[in-house]
Structures are given as C-alpha cells and as structure tokens.
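# Topology and contacts: notes
Each chain, letter by letter, is given below.
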Amino acid sequence: MRVINFNPGPAAMPLPALERARDELLDFQGSGMSIMEHSHRGKVYEAVHDEAIALLTQMLDIPATHQVVFLTGGAHQQFAQVPMNFLTPAHPSADYFLTGGWSEKALEEARFYGTPRVAITTQGPDKRYTRVPTQAELRVDPSAAYVHFTSNNTLFGTQWHTFPEVGDVPLVADMCSDFLWRKFDVSRFALLYAGAQKNLGPSGVTVVVASKEFMARGRQDIPKVFRYSVHAENNSLYNTPPTLAIYLARNVLAWIRDLGGLDAVERRNREKAALLYAALDRHAGFYRAPVERDSRSAMNAVFYLPTEALDATFAAEALKAGMAGLKGHRSVGGIRASLYNAVSVEDVRALVSFMDHFVKTHG
Ligand SMILES: *Cc1c(COP(=O)(O)O)cnc(C)c1O
C-alpha cells in the first residue's frame with residue numbers, strides 16, 4: 001500500500017517510473033543483468049545516459065551554447081564547486097542573494113575561495129525569511145564573478161516567480177527544489193544546479209546545466225574532478241557516474257514526456273498550489289501561512305496551526321489518514337506540504353479535504 005507522500009526530499013517519485021524500474025530490475029532489456037551491473041563505458045548504459053540528457057535537452061529547449069552535466073555530491077558540493085571554479089585572485093567577489101538557509105550555506109562555502117558579498121537578504125528580525133526580493137531592490141556589483149541565488153527556498157516555502165535581472169553578470173542558481181516545475185529560459189543562466197531528489201529522481205545525482213563558455217572559463221589550477229569543464233568535455237563520464245540514479249532520472253523524464261511535457265506539468269503544479277493556498281486562505285483564522293503572497297512557493301507550502309501541539313496532532317492524524325511527510329523542517333517547525341511533480345492533483349485534493357475536516361474537529 002503506497003501512501004500519499006508530501007516529503008520535502010528525498011521525495012515522492014512518479015509510480016510509473018518506479019514500476020518501470022521494478023520491471024527492468026533483474027534483466028535490463030534482455031541483457032541478463034540490471035542496469036547498475038553494466039559498465040558505464042558499455043553501449044547499454046551509455047544509451048540510457050544519453051537518453052536522459054536528450055530528454056532533458058528537449059523538454060527544456062536547452063540551447064547549443066549550454067550543456068547538461070551529471071555530477072555527484074548534491075547541492076552542498078555545488079555550494080563549494082561554484083566558487084572553487086569561478087572566484088579568482090583577479091575576481092575574488094561574487095554577489096549572493098540570501099533568501100533562506102540554503103543560500104546562507106552557499107555563501108559560507110564561497111568564503112573559502114574569495115570575498116563574496118551579500119547583495120541582499122530578506123531575513124526578518126526573527127531570523128525567518130518570508131519573501132524573496134523584488135527586482136527594484138536588487139543592486140548587483142557589475143564586477144562580481146557571478147550572482148548566486150536560490151530559486152525556491154525549500155524550508156521557508158518561498159519562490160522566485162520571476163528570475164532576477166543581473167545585467168551582464170553570470171547568473172548562477174540553486175534550483176534543487178523547483179527544477180522542472182515548469183519550463184524556463186535556460187539561456188539566462190550561466191550555470192544552474194539541482195540535486196535530483198526533489199523533482200527528478202532519487203538522491204545521488206546532481207544535474208548541472210551550464211554555458212559551455214562559462215565552464216571553460218573555470219580555473220585550471222584546481223583538481224580535475226572539481227572542474228566543470230572536465231566533466232563537460234567527457235559527457236559526464238570522466239569517472240564512474242551514479243548510473244542507477246541517472247537511470248531512474250531517465251524514467252522520471254520519460255514520465256514527464258508522456259504526461260505531455262513541462263507545459264502539462266506546470267498546469268498540474270499551478271492547480272495543486274491554487275488548491276492548497278485557497279484552503280489556507282479559506283481558514284486563515286486557523287492555519288497561518290507566513291509567506292507573503294507574491295513569494296508563495298508552488299513546491300513547498302509552509303503553514304502553522306494555532307499551537308505547536310496542534311501541529312503535531314495534524315501531522316500524526318494525517319499520517320493515519322495515509323498522508324506522510326507533512327511535519328515542517330526542524331528549524332522552523334509547523335507543517336510543510338511539498339507538492340513536487342510526482343504529487344498529483346488528487347493527492348492535494350485529499351490533503352485539502354483533510355485540512356477542511358481538521359478545522360471542523362479542532363478549530
Ligand atoms: C534539498 C536542497 C539542498 C540540499 O541538497 P543536498 O543534496 O543535501 O546537498 C540545497 N538547496 C536546496 C534549495 C534544496 O532544496
């Protein structure tokens with residue numbers, strides 16, 4: 001029996017992607033072994049690897065100037081790898097937009113390699129973040145090596161609905177928790193990264209989409225394994241890639257294609273978010289949604305019940321009703337419903353009817 005999974009990450013996977021993996025597990029396409037037992041240099045694995053890249057390239061319309069690279073190490077490695085590659089003695093500064101805990105962590109790692117600048121923070125006096133900045137608030141240092149921002153703040157439930165304009169400065173984004181929630185213009189980014197475990201598959205693979213020219217400009221005096229250019233030149237086969245995770249990402253990408261591509265995914269996601277936030281607004285005297293309206297995330301909805309005890313009761317009763325993963329992040333408490341691509345409109349309808357009922361019985 002599968003439950004409805006609102007986990008923040010690792011998160012729900014689409015059932016067809018899992019069923020396909022189950023069916024192919026012991027004997028991948030008549031090869032007599034599972035995909036994870038194949039050489040990463042063999043034809044069988046390479047076809048899967050290239051298909052995952054091709055699916056992603058098609059659905060995002062990735063231009064020829066850019067390339068998909070599969071890495072490991074998660075977003076945390078990217079926090080370090082970006083400054084390691086792009087901060088130099090001549091360009092020691094980069095601008096960071098702070099909109100949550102992950103962007104703070106990215107900034108911390110950059111300090112090992114240069115003198116990053118906090119270009120803006122939306123942290124409130126209570127240490128919380130309840131919005132992303134408006135374009136009018138942004139002042140970018142034109143000599144910065146890059147600008148780094150977090151497109152969706154998984155913990156606080158805020159999201160950039162319009163990406164920042166930063167002039168000629170290379171734009172770098174941590175897109176872990178909203179990558180593929182809709183189509184977007186990849187050409188605006190010098191580099192973006194996303195750990196797979198939110199919208200794309202299991203943990204273990206990190207997708208990087210970057211400008212080839214930008215990657216080539218990265219430092220050459222750092223170990224090869226940390227150079228984007230080395231992985232790009234080797235089609236993400238410089239060393240053994242996480243083959244099973246890439247195979248599962250391939251299954252998820254094929255599922256998105258079969259669903260009708262990213263336009264269909266976006267319609268579903270907007271409908272889900274509209275349903276959930278409408279419920280929060282309908283019961284605004286009971287559920288408190290701290291995020292400013294224009295910054296509300298379509299991927300992670302954060303809210304609070306009147307007391308911490310009720311937060312706990314809500315999560316426990318929801319679990320009994322077959323809905324898992326609703327407890328808020330330990331640092332902010334409350335409830336968080338993560339509505340990633342694999343969560344269906346029906347799943348959200350079930351949560352909303354549970355929320356309506358909870359108000360009647362506990363309000
Ligand atoms: C989950 C998440 C991370 C952390 O990813 P790791 O794979 O654990 O390094 C970083 N940034 C954002 C926005 C996330 O949602």
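Chains are numbered independently. Their residues run from 1 in the order of the written sequence. Local features in this predicted model are restricted to residues of pLDDT 70 or higher, and side-chain atom pairs are both shown and tallied only at a pLDDT of 80 or more, whereas totals for entire chains, interfaces and linings draw on every residue. To get the side-chain values, take all heavy atoms of the structure and skip hydrogens and water.

Here we take up the overall build of the protein chain. Helix and strand counts for the protein chain stand at 10 helices and 13 strands. Over its C-alpha atoms the protein chain spans a radius of gyration of 21 Å, differing by no more than 12% from the 21 Å that the globule rule assigns to 363 residues. When its C-alpha atoms are laid out on the principal axes, the protein chain stretches across 60 × 55 × 30 Å. Counted over contacts in the protein chain with a minimum sequence separation of 6, partners at least 24 positions apart contribute 68%. Only the protein chains shown count as cover for residues, and the accessible areas themselves come from Shrake-Rupley with a 1.4 Å probe. A total of about 15400 Å² of accessible surface is found on the protein chain, and carbon and sulfur atoms cover 54% of it. Per the convention used, a helix needs a DSSP run of H or I reaching at least four residues, while a strand needs a run of E reaching at least two, with both numbered from the N terminus. Values of the radius of gyration come from C-alpha atoms, whereas the globule rule sets the reference at 2.2 Å times the count of residues to the power 0.38. Any two residues whose heavy atoms approach within 4.5 Å at even a single point are treated as in contact.

By domain assignment, the protein chain separates into domain 1 (15-258) and domain 2 (261-362). What counts as a domain boundary in this text is fixed by an automatic or database domain assignment. Placing a centre on the C-alpha atoms of domain 1 and another on those of domain 2 gives a separation of 27 Å. Contacts between the two partners involve 25 residues from domain 1, matched on the other side by 27 residues from domain 2. Taken together, both faces of the contact between domain 1 and domain 2 bury some 2300 Å²; the carbon and sulfur share is 55%. Contact with domain 2 buries surface across domain 1, with Thr130, Leu155 and Trp181 losing the most and accounting together for 26% of the total. Salt bridges are defined by distance alone: a side-chain nitrogen of Lys or Arg within 4 Å of a carboxyl oxygen of Asp or Glu. Our count for the domain 1 to domain 2 interface comes out at 0 salt bridges. The term polar contact refers here to a pair of N or O atoms within 3.5 Å; inside protein, the definition further demands a hydrogen-donor-capable atom paired with an acceptor-capable atom, and it admits residues adjacent in sequence only when both atoms are side-chain atoms. For the interface between domain 1 and domain 2, the tally reads 15 residue pairs in polar contact (both at pLDDT 80 or more). Elements with a minimum of two residues in the side of domain 1 that touches domain 2: helix 2 (43-60), strand 7 (158-159) and helix 7 (243-259). No other element matches the 3 residues that helix 7 contributes to the side of domain 1 that touches domain 2. Buried surface area refers to the total accessible area, computed with a probe of radius 1.4 Å, that the two partners give up upon joining, counted for both partners together.

Time to look at the side chain of Ser295. Within the secondary structure layout, Ser295 lies in the loop between helix 8 (261-282) and strand 11 (300-303). Among the polar contacts listed, one links the side chain of Ser295 to the backbone nitrogen of Val132, at a separation of 3.0 Å. Here Ser295 is in contact with Thr130, Arg131, Val132, Gly157, Thr158, Gln159 and His161, once residues within four sequence places are set aside.

Moving on to the pattern of salt bridges. Taken as a whole and assessed by the stated rule, the structure comprises 15 salt bridges. The salt bridge partner of Asp95 is Arg117, with a shortest N-O separation of 2.8 Å. Of this pair, Asp95 sits in strand 3 (residues 95-98) while Arg117 sits in strand 4 (residues 117-121); the two residues are 22 residues apart in sequence, bridging distant segments of the chain. Relative accessibility decides the category of a residue: with a 1.4 Å probe and only protein chains considered, values under 20% of the type maximum give buried, values over 50% give exposed, and everything between is partly exposed. Since its relative accessible area comes to 0%, Asp95 is described here as buried. On the basis of relative accessibility, which here comes to 33%, the residue Arg117 falls in the partly exposed class. Salt-bridge contacts for Asp281 lead to Arg296; the nearest nitrogen and oxygen are separated by 2.9 Å. Taken together, the positions of Asp281 in helix 8 and Arg296 in the loop between helix 8 and strand 11 put the pair 15 residues apart, joining distant regions of the chain. The class for Asp281 is partly exposed, based on a relative accessible area of 31%. Judged by its relative accessible area of 12%, Arg296 is buried. Through salt bridges with shared partners, a single ionic network connects Arg20, Glu24, Glu51 and Arg250.

What follows is about the pairing of strand 10 (residues 206-211). With 6 of its 6 residues buried, strand 10 lies for the most part within the structure. The side-chain alternation of strand 10 yields two buried faces, one formed by Thr206, Val208 and Ala210 and the other by Val207, Val209 and Ser211. Sheet topology places strand 2 (residues 66-71) next to strand 10; 6 bridges connect them, and they run antiparallel. When the sheet's bridge partners are listed, Leu71 is paired in strand 10 with Thr206. Each pair of strands is called paired provided DSSP finds at least two bridges between the two strands. The pairing of strand 9 (residues 191-195) with strand 10 spans 5 bridges and is classified as antiparallel. Residue pairing across strands places Gly195 opposite Thr206, the latter belonging to strand 10.

As a structural note, the neighbourhood of the ligand is formed by 13 residues, with His76, Thr154, Asp174, Gln197 and Lys198 the closest of them. Between the ligand and Lys198 there is a distance of 2.7 Å, counted from an oxygen atom to a side-chain nitrogen or oxygen. Across the complex, the protein chains shield 86% of the 390 Å² of accessible surface that the ligand would expose by itself. The greatest single-element share of the shell around the ligand, amounting to 4 residues, is contributed by helix 3 (residues 74-86). Proximity is defined per residue: if any heavy atom of the residue lies within 4 Å of a molecule or strand, that residue is considered near it.

In plain words, nonpolar cores are sets of buried Ala, Val, Leu, Ile, Met, Phe, Trp, Tyr and Cys residues tied together by side-chain atoms within 4.5 Å. Among the nonpolar cores identified, the biggest contains 56 residues, and Leu60, Phe97, Phe179, Leu180, Phe184 and Phe189 are the most heavily contacted of them. With 10 residues, helix 7 is the largest single contributor of residues to this core. Contacts of Leu180, omitting those with residues within four sequence positions, involve Leu56, Met59, Leu60, Asn199, Leu200, Leu253, Ile256, Leu262, Val265 and Asn341. Ranked by size, the runner-up nonpolar core spans 36 residues in total, among them Ala12, Ala279, Ala337 and Phe358.

For the rest of this paragraph, the subject is the side chain of Gln78. Residue position: Gln78 is located in helix 3. Contact partners of Gln78, with chain neighbours within four places excluded, come to Leu71, Pro83, Tyr193, Thr206, Val208 and Tyr228.

On to the packing of helix 2 against helix 7. Lines fitted to the C-alpha atoms define the axes, with helices restricted to the stretch that makes contact. Angles between their N-to-C directions range from 0 to 180 degrees. Interaxial distance between helix 2 and helix 7 falls to 9 Å at its minimum, and their mutual angle equals 40°. The angle between helix 2 and helix 7 places the two elements in the oblique class. The interaxial crossing formed by helix 2 with helix 7 has left-handed handedness. Within the contact between the two elements, helix 2 uses Tyr45, Val48, His49, Glu51, Ala52, Leu55, Leu56 and Met59 and helix 7 uses Thr243, Ile246, Tyr247, Arg250, Leu253, Ala254, Ile256 and Arg257. A class-by-class count of the residues in the contact of helix 2 with helix 7 yields 11 nonpolar, 2 polar and 3 charged. Any angle that is under 35 degrees is reported as roughly parallel, and any over 145 degrees as roughly antiparallel; angles of 65 to 115 degrees are reported as roughly perpendicular and all others as oblique. The handedness criterion is simple: a crossing whose near helix is rotated anticlockwise from the far helix by less than a right angle is left-handed, and one whose near helix is rotated clockwise is right-handed. In this classification, the charged set is Asp, Glu, Lys and Arg, the nonpolar set is Ala, Val, Leu, Ile, Met, Phe, Trp, Tyr, Cys and Pro, and all remaining amino acids, among them Gly, are polar.

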